[in-house]
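Single-letter residue listing:
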Protein chains: 6
Amino acid sequence: MASVPTPTTVKDEATAPTTIRATVVQAASVFYDTPATLDKAERLVAEAASNGAQLVVFPEAFIGGYPRGSIFGATIGHFTPTAGEQFRKYYDSAIDVPGPEMDRLASIAENYKVYLVTGVIEREGYTLYCSVVFFDPQGCYLGKRRKLMPTTAERLVWGFGDGSTTPVFDTPIGKLGAIICWENKMPLLRTAMYAKGIEIYCAPNSDDREVWQPTVRHIAIEGGVFVLSAGQFCLRKDYPPPPEYLLTEWEDELQPDSVVAAGGSVIVAPSGEVLAGPNFEGEGLLTADLDLKDVARAKFSFDAVGHYSRPDILSLIVNERAMKPVTFTSHK
Amino acid sequence: MASVPTPTTVKDEATAPTTIRATVVQAASVFYDTPATLDKAERLVAEAASNGAQLVVFPEAFIGGYPRGSIFGATIGHFTPTAGEQFRKYYDSAIDVPGPEMDRLASIAENYKVYLVTGVIEREGYTLYCSVVFFDPQGCYLGKRRKLMPTTAERLVWGFGDGSTTPVFDTPIGKLGAIICWENKMPLLRTAMYAKGIEIYCAPNSDDREVWQPTVRHIAIEGGVFVLSAGQFCLRKDYPPPPEYLLTEWEDELQPDSVVAAGGSVIVAPSGEVLAGPNFEGEGLLTADLDLKDVARAKFSFDAVGHYSRPDILSLIVNERAMKPVTFTSHK
Amino acid sequence: MASVPTPTTVKDEATAPTTIRATVVQAASVFYDTPATLDKAERLVAEAASNGAQLVVFPEAFIGGYPRGSIFGATIGHFTPTAGEQFRKYYDSAIDVPGPEMDRLASIAENYKVYLVTGVIEREGYTLYCSVVFFDPQGCYLGKRRKLMPTTAERLVWGFGDGSTTPVFDTPIGKLGAIICWENKMPLLRTAMYAKGIEIYCAPNSDDREVWQPTVRHIAIEGGVFVLSAGQFCLRKDYPPPPEYLLTEWEDELQPDSVVAAGGSVIVAPSGEVLAGPNFEGEGLLTADLDLKDVARAKFSFDAVGHYSRPDILSLIVNERAMKPVTFTSHK
Amino acid sequence: MASVPTPTTVKDEATAPTTIRATVVQAASVFYDTPATLDKAERLVAEAASNGAQLVVFPEAFIGGYPRGSIFGATIGHFTPTAGEQFRKYYDSAIDVPGPEMDRLASIAENYKVYLVTGVIEREGYTLYCSVVFFDPQGCYLGKRRKLMPTTAERLVWGFGDGSTTPVFDTPIGKLGAIICWENKMPLLRTAMYAKGIEIYCAPNSDDREVWQPTVRHIAIEGGVFVLSAGQFCLRKDYPPPPEYLLTEWEDELQPDSVVAAGGSVIVAPSGEVLAGPNFEGEGLLTADLDLKDVARAKFSFDAVGHYSRPDILSLIVNERAMKPVTFTSHK
Amino acid sequence: MASVPTPTTVKDEATAPTTIRATVVQAASVFYDTPATLDKAERLVAEAASNGAQLVVFPEAFIGGYPRGSIFGATIGHFTPTAGEQFRKYYDSAIDVPGPEMDRLASIAENYKVYLVTGVIEREGYTLYCSVVFFDPQGCYLGKRRKLMPTTAERLVWGFGDGSTTPVFDTPIGKLGAIICWENKMPLLRTAMYAKGIEIYCAPNSDDREVWQPTVRHIAIEGGVFVLSAGQFCLRKDYPPPPEYLLTEWEDELQPDSVVAAGGSVIVAPSGEVLAGPNFEGEGLLTADLDLKDVARAKFSFDAVGHYSRPDILSLIVNERAMKPVTFTSHK
Amino acid sequence: MASVPTPTTVKDEATAPTTIRATVVQAASVFYDTPATLDKAERLVAEAASNGAQLVVFPEAFIGGYPRGSIFGATIGHFTPTAGEQFRKYYDSAIDVPGPEMDRLASIAENYKVYLVTGVIEREGYTLYCSVVFFDPQGCYLGKRRKLMPTTAERLVWGFGDGSTTPVFDTPIGKLGAIICWENKMPLLRTAMYAKGIEIYCAPNSDDREVWQPTVRHIAIEGGVFVLSAGQFCLRKDYPPPPEYLLTEWEDELQPDSVVAAGGSVIVAPSGEVLAGPNFEGEGLLTADLDLKDVARAKFSFDAVGHYSRPDILSLIVNERAMKPVTFTSHK
């Protein structure tokens with residue numbers, strides 16, 4: 001299901017330089033198969049680009065996979081014998097930044113002339129991070145954002161990011177950044193992004209419930225931003241069959257075509273208006289034309305980090321230093 | 001329209017001491033007539049109490065009135081000759097804290113054995129504040145909250161609160177506080193309230209648009225709180241006729257029964273589920289039974305000021321000092 | 001199983017004021033029943049005191065319970081409908097610090113004239129912490145230690161402590177502190193405790209594997225300290241039966257008498273010598289007489305924070321500030 | 001005694017590129033005869049290589065000798081007349097880095113195509129250092145590690161290293177480094193090595209007591225690393241006879257075949273499992289196949305410098321500058 | 001043997017306020033008996049004071065004892081079973097700073113109205129330091145100096161000081177400081193003391209050889225200072241008999257009256273002239289009158305930290321920070 | 001007076017390559033006659049070489065002359081009319097480096113196969129420097145050392161050297177360098193030389209007092225070096241008669257044979273033992289055989305720039321840049 005504005009609309013908007021066309025991808029990773037996932041990413045970018053997309057946003061953990069329903073053999077105070085091996089396999093699907101998979105993503109962005117934003121599972125040392133990486137149409141890697149706070153069971157496998165990776169990129173298509181999944185619920189983190197001037201707020205995520213919708217609409221209003229919420233739509237068969245991969249604790253009987261992640265991707269304007277989606281029905285591309293002038297229109301009446309702030313009363317301190325348990329110094 | 005749970009349900013819940021019954025009042029002030037407004041308040045509290053309400057929440061500016069559609073004779077760089085007089089009349093409808101109207105409100109709370117939370121226009125010196133006042137069932141005045149940040153044209157007539165009036169009261173029915181209207185969009189202010197442990201989050205307001213709904217639902221989710229959003233439902237005839245009162249800049253032709261404020265009051269659970277409302281149709285009471293255990297259930301997966309915070313990266317400083325332009329001191 | 005030195009030894013040692021008798025309790029909580037757990041704690045302290053114990057150390061989470069094998073209805077990206085309710089019940093078993101359960105523990109310490117160290121599940125706001133609390137024989141609460149770093153699935157239900165609760169108490173029976181479970185693997189945290197002069201190093205924990213033994217012996221050697229490792233010994237029937245309590249993902253079929261936590265409590269001297277235990281066989285008390293002079297004997301050849309440190313090369317900074325996402329200030 | 005896995009196992013593993021075969025040498029130096037010690041080193045490397053070893057680790061001070069039981073004519077505040085001469089002879093057995101003995105070691109590594117790691121006594125100016133040197137199978141000298149902290153009486157003859165020689169080499173067989181003898185007890189130093197990503201942790205040492213075993217097993221667990229602990233096995237006759245060499249203060253009467261160093265070499269996996277040894281019986285080679293994937297399996301649940309660190313609370317600063325008492329500068 | 005200037009000389013000098021009378025004590029500690037050593041210290045101060053001394057300087061380690069000829073059961077790579085216990089006894093003879101022995105020393109200084117400078121063995125945690133403590137005639141503790149660098153076998157039992165304890169006290173009798181034993185050979189450390197303006201340079205030491213004399217005379221010349229070199233004179237019987245105390249490795253047969261430390265205390269003027277001593281014959285007091293004007297006389301032609309320095313070429317950096325392996329911080 | 005070891009000893013030692021024979025020359029310049037001084041130098045080198053000397057060290061300013069007792073017509077704020085002329089004559093006796101006198105010295109070294117070290121007065125532009133020049137037995141000029149710091153009245157005629165001329169030459173007979181006269185009192189300068197590894201420490205000087213002896217003995221001990229202290233022995237008649245040359249301010253009446261410089265040359269071993277001299281009686285050669293192994297023997301217990309340094313506390317920065325008042329640069 002791809003909700004694409006009619007070509008006519010596109011043409012009209014094309015005369016306004018402040019309108020950009022953005023596509024949110026709702027699709028599943030090829031689990032435990034990063035090369036195949038990259039191939040799939042390329043096909044989806046190609047399709048979006050053929051629709052005129054200048055920006056393509058993929059879901060959380062699209063590269064590396066979102067280990068939905070797994071507990072990696074760990075319960076409180078207990079590990080099954082295969083716990084370490086489950087982690088090792090997932091670890092092997094993750095990518096180094098930089099690394100060959102990053103090069104592949106960069107060349108996709110370059111070939112299809114798009115800004116590419118995608119969730120990845122990043123490997124540093126022996127800790128994994130749920131990250132989002134950004135590329136420009138020239139194939140340059142712009143930077144990354146690491147999830148600060150994994151949610152509940154995600155803490156089993158993902159480390160905690162720090163304040164050094166909260167970039168907002170000032171690009172020709174607007175100020176671009178990302179917050180990942182339930183981090184979007186963190187009011188202080190969002191405020192930090194608003195303070196950096198974010199306009200195109202990407203929200204790769206994995207929450208496919210209806211209650212996610214008011215949150216993303218609220219963010220658009222609170223921040224005066226376009227929100228591009230991208231989720232995976234996955235069937236049971238998108239994951240390896242048991243026992244290689246277990247969706248522990250699923251209450252219903254699962255068939256290969258059982259939906260295990262319903263997506264719910266959506267694009268919202270700064271006014272809170274829904275521009276495309278939400279899509280709860282299948283994989284697909286959502287596309288909308290974003291009039292960047294809407295940001296100013298919205299900020300007129302509410303600007304959380306401007307005229308509607310009270311810095312005398314409420315001041316947020318953001319620590320952007322890289323947090324390292326060990327610092328090596330070779331100069332005074 | 002009053003959505004009241006059936007008596008049966010009420011009985012069942014009555015055995016659970018952690019469930020409390022709350023009523024949101026959606027009604028219009030009697031503009032320029034504060035004694036009449038207080039009488040109306042008493043009638044509405046009586047009705048709510050007869051339904052078993054333990055807590056009654058009124059809209060923003062219910063006492064004193066929300067001067068909808070007015071610009072008080074002021075444009076940028078210009079005043080009409082009647083500007084001062086318009087303000088004087090509005091000023092006369094406001095109340096002192098403490099003062100006789102406060103005593104009247106306290107006795108209403110005591111007579112009907114409810115926690116009473118209502119918006120008032122507070123007068124201090126020659127500045128008006130958009131405040132909320134709190135009373136307990138023993139008729140004690142608990143304290144007040146002054147709006148920090150009037151929205152756009154509200155800044156013509158209302159002053160700015162400070163950090164000294166952001167109370168959360170730890171009562172037998174839960175931790176109770178209020179944020180007024182668009183202040184609810186301020187992520188740092190909400191976070192301050194979460195940090196004070198708010199559970200029953202009152203949101204007296206004047207935003208009757210549909211886009212207000214995702215915001216209040218998001219707040220419930222973000223804060224793990226019950227949100228009680230109370231708005232006025234007003235017809236043109238609820239305000240004095242022109243020229244005594246002008247609803248400047250209204251696009252459509254107004255009839256006495258034209259709706260000028262559509263309410264939209266709503267009660268939301270910590271899960272984001274709507275318990276009662278929204279009511280866009282008329283004056284009325286919304287009642288719901290709040291299971292306070294839902295707070296813990298919700299905080300399990302997200303606690304913005306507990307396990308899901310990152311104080312090492314994001315730290316909010318709240319200045320609670322009273323801000324006075326002049327300080328007299330007799331010691332160094 | 002209680003390994004108690006013969007009375008003769010006790011008498012001999014009693015003349016040496018630098019020898020103290022310590023008991024490690026290996027026992028299971030009464031799950032979801034905090035009052036009964038407190039009763040059991042009192043019986044065990046009474047037994048230890050009748051053996052002459054001056055210090056009694058209980059396992060991690062003894063008060064509040066260690067939710068072994070549970071995942072609280074959470075898998076990655078998914079919650080069962082009862083997830084919140086599971087948390088709520090566990091939350092209700094936790095204790096406030098201070099609070100009535102703390103008063104009960106204090107009176108136990110006072111009645112039996114012992115230093116009492118026990119793991120508790122502490123509740124603050126809506127976040128739970130795995131803490132250890134300390135009492136002296138006069139019934140005074142000395143302070144607490146919150147676990148900094150829950151392990152893997154523990155992160156589902158426990159928050160993260162900070163540097164403000166890493167006390168070492170200088171008591172008449174030696175310098176007393178605690179590190180909880182796998183935190184004991186954190187070399188920087190251990191070093192902080194050594195720097196505070198810890199001599200009696202309590203290690204309430206839940207790791208019942210054989211590989212835990214070299215770790216605790218190593219710590220004794222590395223720190224020049226007595227290590228008192230206290231674990232719970234639990235059978236399946238010590239937890240409520242399903243469906244009230246699920247031990248998810250247990251690979252063997254469980255009978256009521258199936259061992260789900262094998263204890264492994266042990267007392268180790270600064271030389272690395274095992275003084276009592278390890279006990280892998282059942283509930284019981286382990287008792288040993290600790291000659292505090294052994295600390296100096298051990299430090300002669302290795303003192304990780306003294307003569308064998310290299311502060312010019314390796315310097316550890318410990319941040320002891322309380323980490324709060326929101327700070328309220330009412331003075332300049 | 002050489003514990004070598006059966007050829008079958010080797011073949012199986014050979015297909016897995018992440019498994020490497022490592023040999024720990026337990027043998028005595030030829031004291032005061034560095035050329036003969038180098039010859040012996042070559043014979044032992046040859047034997048290890050014929051078993052398929054890709055990495056060979058020798059004990060502390062293998063080249064230059066560990067002056068066991070000597071006090072070099074020095075007691076506190078006193079020197080015997082021959083003290084200086086004893087030092088001079090030991091000094092003459094030490095090697096320069098670079099120098100001819102280093103060239104010889106490089107050619108051994110190259111000839112037998114192994115990574116070679118060996119303890120040496122290094123001479124710089126008139127201070128001796130207990131160092132470890134590293135060579136690759138191409139015969140390249142990779143670098144060295146100087147012991148930071150000699151233990152007790154070692155401080156009579158060995159200087160103190162600094163932070164400039166704590167390398168971890170990223171080689172095709174894994175990340176390789178070494179900590180020497182009781183330095184392994186230094187928690188901050190170990191943490192620095194973990195932060196550099198060490199996977200194959202060589203521990204050339206001279207502690208032949210049983211209590212060394214829990215320490216090396218703990219390190220494997222704490223660091224998620226393979227530990228290769230190599231000690232010398234020495235008889236009295238491995239040292240020159242008195243009066244040329246005195247083993248002062250030995251409590252038992254010594255015969256030529258008296259054991260004066262019992263070795264205790266061992267190879268431990270990241271899980272804490274012992275893969276080969278400990279050997280307390282004689283000289284010999286210990287060989288094991290190391291599956292480097294075990295590192296990731298272990299780090300899943302504990303990563304002291306990754307997801308299980310708390311850099312906000314505990315931060316280690318490592319000064320890697322070379323520490324020179326005098327610095328000459330010829331530019332501004 | 002007490003070399004005391006004749007009273008006549010004293011009287012003459014008494015008219016010159018820049019002349020002060022100083023006494024160097026050459027005496028043995030009562031080993032393993034700190035209270036008795038303190039009693040002996042008091043008797044010696046009393047005797048010095050009766051001779052008019054304003055300053056009394058005791059030898060290195062006078063309080064706590066210099067463990068001459070011991071190796072504490074440690075040889076390289078080996079400990080005898082009693083090593084720890086030997087240390088423990090020595091540790092028990094050491095003193096805390098502050099502590100009761102310090103109070104006793106302070107009262108001695110006050111009672112006899114002298115500046116008192118004495119070597120002590122200081123205990124902090126489980127590391128011992130060879131320190132010198134300073135008191136004024138009012139009984140105030142002025143501060144301490146910790147030996148930076150124990151010599152050879154001293155490193156078995158004493159830790160390493162840092163730059164935070166290198167005081168020079170500006171007192172009415174001149175600028176007073178101390179360097180301990182072979183530290184006096186450290187040219188950079190001496191230079192640091194010169195830079196602090198030291199005039200009365202105390203050198204508590206344990207080097208009783210003739211070659212110590214040119215060193216102390218050189219220092220007087222190089223620094224333009226008075227050097228007060230105080231050593232212990234000890235017979236074998238001043239130490240406990242074997243096996244309680246062993247003077248290991250003494251080449252001659254020892255009788256109770258065998259001299260094991262020959263003293264060699266001496267007082268030298270800034271010109272290099274010997275004012276009193278050296279005494280190699282027995283316990284005793286050396287007294288001299290120091291004309292502080294001699295300092296200026298000497299500095300005229302050579303001032304190592306003034307006109308005769310070349311800071312453009314030779315600059316010494318002294319790090320006076322306390323070096324702690326662990327730093328706790330509770331503020332930003 | 002020449003103290004020469006017997007030939008027998010020489011032969012024995014000749015088989016030991018680490019022993020070298022060194023001669024210190026104590027003699028007077030031929031004042032104002034540099035060619036004659038060079039002839040005298042050759043005669044003295046010839047004599048030394050015939051005794052087997054491999055190294056010959058001359059006094060400070062031997063070539064060019066030490067203008068003892070002169071003030072060159074200058075007092076503070078005043079010059080006599082002949083002041084300039086006095087300087088001119090002295091300037092004419094000085095030598096250029098390089099220059100013909102240097103060539104002559106080189107050929108002497110080559111002819112007699114010795115290392116030659118001599119003080120010279122060096123001329124650069126119109127500034128004179130008190131320098132020492134070094135030649136090897138092949139007649140190569142090795143380099144020079146300029147006195148950093150002239151003493152008191154020397155500053156009337158000599159300039160100040162810089163850090164670019166502090167060489168230590170690594171020669172087949174050991175590491176060779178020189179410090180001139182009272183510079184030897186500079187602890188930082190000596191330390192710089194130790195850090196460069198000096199073993200044969202030449203000290204051409206002009207201090208003939210007894211107090212010079214402890215200084216040179218101390219340096220030998222402090223540095224673990226052989227010190228070769230060479231002074232001139234001069235009678236009044238070695239200088240031109242008045243008025244051509246005035247020995248101003250001499251207290252005693254001078255006869256032609258009055259001793260105006262008493263020499264005091266001496267050779268000291270690293271242990272502080274005097275190997276030859278001091279000679280206070282007349283011109284002559286002092287010869288000693290230096291066993292370079294003594295350096296290691298001495299460094300065992302004290303190494304000021306190795307194991308006995310504290311670079312973390314005391315760090316010396318040596319600026320070796322040439323210091324030029326004007327720098328021309330053609331690039332940024």
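Starting afresh in each chain, residues are numbered from 1 along the sequence in its written order. Numbering of ligands from 1 and lettering of chains from A proceed in the order in which they are written. With the structure being a predicted model, the display of local features is reserved for residues of pLDDT at least 70 and the display and counting of side-chain atom pairs for 80 or more, all residues being used for whole-chain, interface and lining totals. Just so you know, side-chain values use all the structure's heavy atoms and leave hydrogens and water out.

**Thoughts on the relation of the copies chain A and chain B**
For the pair chain A and chain B, the relating rotation is 180 degrees, the translation along its axis is 0.1 Å, and the fit reaches an RMSD of 0.1 Å. Seen this way, the second copy is the image of the first under a two-fold rotation axis. The contact criterion used throughout is that any non-hydrogen atoms of two residues lie within 4.5 Å. Both copies share a contact surface, since 100% of the interface residues of chain A are interface residues in chain B too. Superposing the copies works by least squares over the C-alpha atoms of residues that have pLDDT at least 70 in both of them.

**A look at helix H6 (residues 212-223) of chain E**
All names here are of chain E. For the purposes of this entry, the term helix denotes a DSSP run of H or I that reaches at least four residues, the term strand denotes a run of E that reaches at least two, and both are numbered from the N terminus. One fewer than the residue count of a helix, multiplied by 1.5 Å, yields its expected span. Compared with an ideal rise of 1.5 Å per residue, which puts twelve residues at 16 Å, H6 spans 17 Å between its outermost C-alpha atoms and is within 8% of the ideal. The buried fraction of H6 is high, at twelve of twelve residues. Among the residues making up H6, those that are buried are Trp212, Gln213, Pro214, Thr215, Val216, Arg217, His218, Ile219, Ala220, Ile221, Glu222 and Gly223. Gly224 sits one or two positions beyond H6 and adopts a positive phi of about 65 degrees. Burial classification: accessible surface area is computed with a 1.4 Å probe over protein chains only, and a residue below 20% of its type maximum counts as buried, one above 50% as exposed, and the rest as partly exposed.

**Section: the sheet that holds strand E11 (residues 226-231) of chain B**
Residue and element names in this part refer to chain B. The pairing criterion for strands is at least two bridges between them, as found by DSSP. Ordered by their spatial adjacency, six strands build an open sheet running E8-E9-E10-E11-E14-E15, and the pairing between neighbours is mixed. At either margin of the open sheet sits one strand with a lone partner, and together these are strand E8 (169-171) and strand E15 (274-279). Within this sheet the neighbouring strands show an average axis-to-axis angle of 15 degrees, counted without direction. As defined by bridge partners, E11 adjoins strand E14 (residues 265-268) across three bridges and the pair is classed as antiparallel. Looking at E14, one finds that Ser229 is bridged to Val266. Geometry is summarised by axes, namely lines fitted to C-alpha atoms with helices restricted to the contacting stretch, and by angles between N-to-C directions that run from 0 to 180 degrees.

**Some thoughts on the confidence of the model for chain A**
All names here are of chain A. Model confidence for chain A is summarised by a mean pLDDT of 89, while 92% of its residues fall at 70 or above. Every residue gets a pLDDT, meaning the predictor's confidence in that residue, from 0 to 100. Counting interchain partners and residues more than four positions distant, the pLDDT-below-50 stretch residues 1-16 has 22 contacts. Taken together, the chains of this predicted complex give a pTM of 0.82 and an interface ipTM of 0.84.

**Details of the interface of chain F and chain E**
Taken together, the contacts link 49 residues of chain F with 48 residues of chain E. Here chain F meets chain E over a buried area of about 4,200 Å², counting both sides, of which 64% is carbon and sulfur. Here the buried area means the combined drop in accessible surface, using a 1.4 Å probe, for two parts upon being joined, counting both sides. Of all residues in chain F, Tyr308(F), Ile313(F) and Leu314(F) give up the largest surface area on contact with chain E, accounting jointly for 17% of the area buried on that side. What makes a salt bridge here is a side-chain nitrogen of Lys or Arg within 4 Å of a carboxyl oxygen of Asp or Glu, nothing more. The interface formed by chain F and chain E includes four salt bridges. Close ionic contact of Arg217(E) with Glu210(F) constitutes a salt bridge, the shortest N to O distance being 2.8 Å.

**Overview of the interface of chain A and chain B**
The partner chain B presents 48 residues to the 48 residues of chain A that form the contact. Interface area, chain A with chain B, both sides summed: about 4,200 Å², of which 64% is carbon and sulfur. Considering only the surface of chain A that becomes buried against chain B, Tyr308(A), Ile313(A) and Leu314(A) emerge as the three largest contributors, covering 17% of it. At the junction of chain A and chain B, the tally comes to four salt bridges. Polar contacts here mean pairs of N or O atoms no more than 3.5 Å apart (in protein, one a potential hydrogen donor and the other a potential acceptor; neighbouring residues in sequence count only if both atoms are side-chain atoms). Where chain A packs against chain B, one counts 24 residue pairs in polar contact (both at pLDDT 80 or more). For the side of chain A that touches chain B, the element with the highest residue contribution is helix H5 (residues 187-195) of chain A, accounting for seven residues. Tallied by class, the residues present in the side of chain A that touches chain B amount to 24 nonpolar, 14 polar and ten charged. Pairing of strand E17 (residues 314-318) of chain A with strand E17 (residues 314-319) of chain B involves five bridges; the strand directions are antiparallel. For Ser315(A), the partnering residue across the bridge sits in E17(B) and is Ile317(B). For this scheme, ten residues count as nonpolar: Ala, Val, Leu, Ile, Met, Phe, Trp, Tyr, Cys and Pro. Four count as charged, namely Asp, Glu, Lys and Arg, and the remainder, Gly too, count as polar.

**Notes on the arrangement of the chains**
Across the gap from chain A to chain E, with no contact made, the nearest C-alpha atoms are 12 Å apart. A minimum C-alpha distance of 12 Å separates chain A and chain F, which share no contact.

**Looking at the packing of aromatic side chains**
Aromatic rings from Phe, Tyr and Trp, with only the six-membered ring used for Trp, were paired whenever their centres fell within 6.5 Å, and each pair was classed as stacked if the ring planes differed by under 30 degrees, edge-to-face if by over 60, and tilted otherwise. Scanning the model with the defined rule gives 97 aromatic pairs over all chains in all. Plain terms: the ring middles of Phe31(B) and Tyr32(B) are 4.8 Å apart, the flat faces sit at 50 degrees to each other, and that makes the pair tilted. Using a relative accessible area of 21% as the deciding quantity, one classes Tyr32(B) as partly exposed. An angle of 40 degrees between the planes, with centres 5.9 Å apart, marks the rings of Phe87(D) and Tyr91(D) as tilted. Placement of the pair is Phe87(D) and Tyr91(D) together in helix H3 (residues 83-93), with a separation of four residues, close to one helical turn. Given a relative accessible area of 2%, Phe87(D) falls into the buried group. A network of ring pairs unites the aromatic residues Phe31(A), Tyr32(A), Phe72(A), Phe87(A), Tyr90(A), Tyr91(A), Tyr126(A), Tyr239(A), Tyr245(A) and Phe300(D) as a single cluster. As a reminder, the over-ring test applies to NZ of lysine and CZ of arginine, requiring each to be within 6 Å of the ring centre and within 35 degrees of the ring normal. Against the face of Tyr91(C) rests Arg123(C), its NZ or CZ located 5.3 Å from the ring centre.

**Description of the pairing of strand E16 (residues 284-291) of chain A**
Residue and element names in this part refer to chain A. Taking burial as the measure, the eight residues of E16 include eight buried ones, the bulk of the element. Residues Gly284, Leu286, Ala288 and Leu290 point to one face of E16 and Leu285, Thr287, Asp289 and Asp291 to the other, with burial holding for every one of them. For strand E1 (residues 19-26) and E16, the ladder comprises eight bridges, and the chain directions are antiparallel. Pairing of Thr23 across the sheet is with Thr287, part of E16.

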